[in-house]
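Residue strings, one per chain:
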Amino acid sequence: MINQPLSTTSYREAAQDNFNALKKAYASNDTDQKMSFWKLGNSFDTMIDFLDTLDESSAHEVAQIAVTQLNASLKHIEGGYDGAWFDDFGWWSVATGRALQKSFFKADAEQIQTILNQCWPRFTSNAPFVWQRRKPGEFDDDAPAIDGGVWNAYWEGTPNSYPGPKNGNPSDGKLIGIQNTVTNALYLMAAYRLGGTSREALTFLFKWFNEKEYSLWWVFDENTALVRERVGHFANGKRVPGFQENWAWTGDQGLILGCLREAMRRLSPGQQGQLINQAKQLLSGVRQHLVNSSGVVQSYTTTGSIPDDDVSDYQVGPGVFWRNALYLWKTNTDLRTFLSSQDYQAMVQASADAAANAPTNGQSIETLTNHTAVLVAATAMLQ
């Protein structure tokens, strides 16, 4: 049995308190925390959920804060837009694409569209072509094992005629030079939501899920799986540096859940079975392997190690997961029924209670984003 949850009113009040604190911290980011460009896009996405689910009255304020802070954050990137990692554009493409679908952003649509026009073309015209545009003769042993994927940045030595950072190295173990889950999931999600076919991106991910050795798909049993953080090997079979068989990030699980849901939308109900089952496997993986001793969803597995010891970036994982869990709840009847079972209601409740009982004062934007995401989800998902 799970403990009696807080009332829906209590979750709403806690969500409002965290949202208010998040707005304040976000608005002062450039003079206070200086959170990075991509994280601002991630937090904006969660604020959209609050506006859409609970209270849209501050939509114009949120949009103006987002525009102001995005422009401010570019000052801290050498080269501005042209110096950002390609996956940074994914976070903003997904968030602004969503925002343009919301009537409460009508007054801000032109500014939001301008951001999207800056971000999505930079992602889609650069990230898929890193291998082809490398300096001839360089990194020949690091050819991608599966076609159709994307990278975070160009590799060292790539001609300067191509805009974007050129400090990637597929052999040094750092994520910037290696195909990985978050970048490819963001690319697929953004392409789907912006009207692209995404066939190559979808094929890339599913082929990696089905690889027999060093697969992205980490199977525990027939009902439980997680997605690993980066691809496992190059075309010649050489293992990718930094690949961990026993580590997973919660944010990747959320992004892949969102991608699976977008893929379902392109199929008739009778054709969605495999994708629904894979979504259930990932939800089971999170519930069994990505919660702490209190049942609260955490940022990554206790097995393995955080890539590059980058705790700050990977701590946003729970918020990414809860955004996409809420999306499943709102848009798919089968997955809503699945999330309504006692085990998943307990996971939602434990995570929401922890957020509701945490102070808002002095919290980082990352923490406030995570807490806002789960509290918004709890107002909808707890029965």
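Throughout what follows, the structure given in this document is the object of discussion. (Residues numbered from 1 in each chain as written. Predicted model: local features only at pLDDT ≥ 70, side-chain atom pairs only at ≥ 80, totals over all residues. Heavy atoms only, no water.)

### What about the nonpolar core?
Definition in use: Residues belong to a common nonpolar core when they are buried Ala, Val, Leu, Ile, Met, Phe, Trp, Tyr or Cys residues joined through side-chain atoms within 4.5 Å. Buried, partly exposed and exposed residues are distinguished by accessible area as a fraction of the type maximum, computed with a 1.4 Å probe on protein chains only: under 20%, between the cut-offs, and over 50%, respectively. The contact criterion used throughout is that any non-hydrogen atoms of two residues lie within 4.5 Å.
Among the nonpolar cores identified, the biggest contains 126 residues, and F37, F44, W92, F105, F321 and W322 are the most heavily contacted of them. The residues contacting F321, other than those within four sequence positions of it, are T250, G254, L257, L283, V286, V297 and M347.

### Observations concerning the side chain of K39
Keep this limit in mind: By definition, any uninterrupted DSSP run of H or I lasting at least four residues is a helix, any uninterrupted run of E lasting at least two residues is a strand, and each is numbered from the N terminus.
As for its placement among the helices and strands, K39 is situated in helix 2 (residues 37-53). Taking the relative accessible area as the measure of exposure, K39 reaches 3% and is therefore buried. Sequence-distant contacts of K39, defined by excluding residues within four places in its chain, comprise S312, D313, V316 and E366.

### Here we look at the side chain of S58
Examined against the element boundaries, S58 turns out to sit in the loop between helix 2 and helix 3 (59-74). When neighbours within four sequence positions are excluded, S58 is seen to be in contact with F19, K23 and L51.

### What about the packing of aromatic side chains?
Both the distance between ring centres and the angle between the ring planes are used here to describe each pair of aromatic rings. Convention followed: Planes of paired rings set the category: under 30 degrees apart is stacked, over 60 is edge-to-face and the rest tilted, where pairs are Phe, Tyr or Trp rings (Trp by its six-membered ring) whose centres lie within 6.5 Å. For a ring to carry a charge above it, either NZ of a lysine or CZ of an arginine must fall within 6 Å of the ring centroid while also lying within 35 degrees of the normal to the ring plane.
Counted according to the given criterion, the structure contains 26 aromatic pairs. A ring pair is formed by F37 and F89, whose centres lie 6.2 Å apart and whose planes are at 75 degrees; its orientation type is edge-to-face. Note that F37 is positioned in helix 2 and F89 in helix 4 (residues 86-99), a separation of 52 residues in sequence. The two residues F37 and F89 agree in class, both being buried. With 6.1 Å between their ring centres and 75 degrees between their planes, W131 and W155 make a pair best called edge-to-face. Here the residue W131 occupies a position in the loop between helix 5 (109-124) and helix 6 (181-193), and W155 occupies one in the loop between helix 5 and helix 6, the gap between them amounting to 24 residues. Cluster of aromatic residues (ring-pair linked, three or more members): F37, F44, Y81, F89, W92, F104 and F105. Between the NZ or CZ atom of R193 and the centre of the ring of Y327, over which it lies, the distance is 4.9 Å. The cationic tip of R287 hangs over the ring face of Y344; the distance from NZ or CZ to the ring centre is 5.1 Å.

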